[in-house]
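Letter by letter, the chains look like this.
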Amino acid sequence: MTNSIDLRQLRYFLAVSEELNFGRAALRLHISQPPLSRQIQQLEEQLGVALFLRGKSGVTLTEAGLAFLPEVRLSLRQVDKAITVARAATGTEGGQFVLGYTTVFDRSAIPDVVDSLQQRFPEWRIISKGRHSTRLVRDIQNGNMDAAFIGLHTHTEGLTVETVLEEPLVVALPTAHPLAKKRRLSFDDLRNEALFWFERRLNPGFYDHCQAFFNRIDFKPNVVPEPPDHHILLGLIAQGQGFGLLPASLQKVKRQGVSFRALKEGDNKLSMGIALAYAQHNPSPVLRPFIELVRAKIRTAATGVSPT
């Protein structure tokens, strides 16, 4: 019966899966080979499936073993994290809290709670990482990150998502371009201009959201590949190689030769939003206080009244 499976068996399974050799796995686990083989055999009997195909040249994972492996890795990571959390709750030892930020926005547009969080949990390491939204979501789902500020419309299966803010998109264009003389631009102004745009694989959800908007207004952008770094992007725009559609917060990134123009009313309905994403089952004692800090910052920004 599966309810008799213990953590030791899972760790043994992981070692054999990674070594694909019972002898090497036994050395890694500091045990002899016979008890390792017995534990794997018992695990297979309890599951009712074969996990390994055994041969003279070694072992390989069966289809069941291949399906079982990522779940075992995730389970063992969660167990290790739970142990850290339990020890940290006694106040005798801290841990680490990993927070992600999408690279699309200027971070000043997002509630800054790291200092407050660090003051509340001085024994903990608060680690910040900047990545594409899809990578941040994957890191949370895999248990490698506790929470992240991601772009809206990113696919977030299994996660809780709370909207933090929405920003209008603005046009970034070369200062020397004739259109820079206008105070506002329309998508009609952009029809014949090269437009830096990201690849769909980087964020299918947001890409499809934008494409649906373009289809509604019958706008077919003349797309050129967008570089991964916004500083490089602004440099290319300054050189006259194209236009960009960027969240308004990035206007704070000053670049000589680049001007920003708002979109005309009616064309400014395309926005880029930020949301806080996290897994409800995350046992970290830092997560709930972090979420409350973010919510308090949002309320303060909306009302102008600081929380008492």
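Above this text is the structure in question.
Before going into details, it helps to say that this report is about the structure given with it. All of these numbers come straight from a predicted model, not from anything done at the bench.

If you check which residues of helix α8 (residues 230-238) are buried, you get His 230, Leu 233, Leu 234, Gly 235, Leu 236 and Ile 237. On its buried face, α8 sits against β6 (160-174), β8 (194-197), β10 (243-247) and β11 (258-263). For α8, the N-terminal capping position is held by Asp 229, with its side-chain oxygen 2.7 Å away from the main-chain nitrogen of His 231. Following α8 by one or two positions, Gly 240 has its phi on the positive side, about 85°.

The next subject is the packing of aromatic side chains. One pass over the full model with this rule turns up 15 aromatic pairs. Taking 6.2 Å as the distance between ring centres and 70° as the angle between the ring planes, the aromatic pair formed by Phe 22 and Phe 52 counts as edge-to-face. Placement of the pair is Phe 22 in helix α2 (residues 22-29) and Phe 52 in strand β1 (residues 52-55), with a sequence separation of 30 residues. Both residues of the pair, Phe 22 and Phe 52, belong to the buried class. Residues Phe 198 and Phe 206 carry aromatic rings whose centres are separated by 5.9 Å and whose planes lie at 15° to one another, so their mutual orientation is stacked. For the pair formed by Phe 198 and Phe 206, the shared burial category is buried.

The next subject is the packing of α2 against helix α3 (residues 33-47). The relative placement of two packed helices is expressed as an angle between their axes plus a distance between the axes. Across the interface, α2 lies against α3 with an axial gap of 9 Å and an inter-helix angle of 105°. In terms of axis orientation, α2 runs roughly perpendicular to α3. Of α3, the residues touching α2 (which contributes Phe 22, Gly 23, Ala 25, Ala 26 and Leu 29) are Gln 33, Leu 36, Ser 37 and Ile 40. By residue class, the composition of the contact of α2 with α3 is 6 nonpolar, 3 polar and no charged.

The rules behind the values
Residues numbered from 1 in each chain as written. Predicted model: local features only at pLDDT ≥ 70, side-chain atom pairs only at ≥ 80, totals over all residues. Heavy atoms only, no water. Buried < 20%, exposed > 50% of the residue type's maximum accessible area, 1.4 Å probe, protein only. Helix = DSSP H or I, 4+ residues; strand = E, 2+ residues; numbered from the N terminus. Contact = heavy atoms within 4.5 Å. Polar contact = N/O pair within 3.5 Å; in protein donor to acceptor, adjacent residues only side chain to side chain. Phe/Tyr/Trp six-rings, centres within 6.5 Å; stacked < 30°, edge-to-face > 60°. Axes fitted to C-alpha atoms, helices over the stretch in contact; angles between N-to-C directions. Parallel < 35°, antiparallel > 145°, perpendicular 65-115°, else oblique. Nonpolar A, V, L, I, M, F, W, Y, C, P; charged D, E, K, R; others polar.

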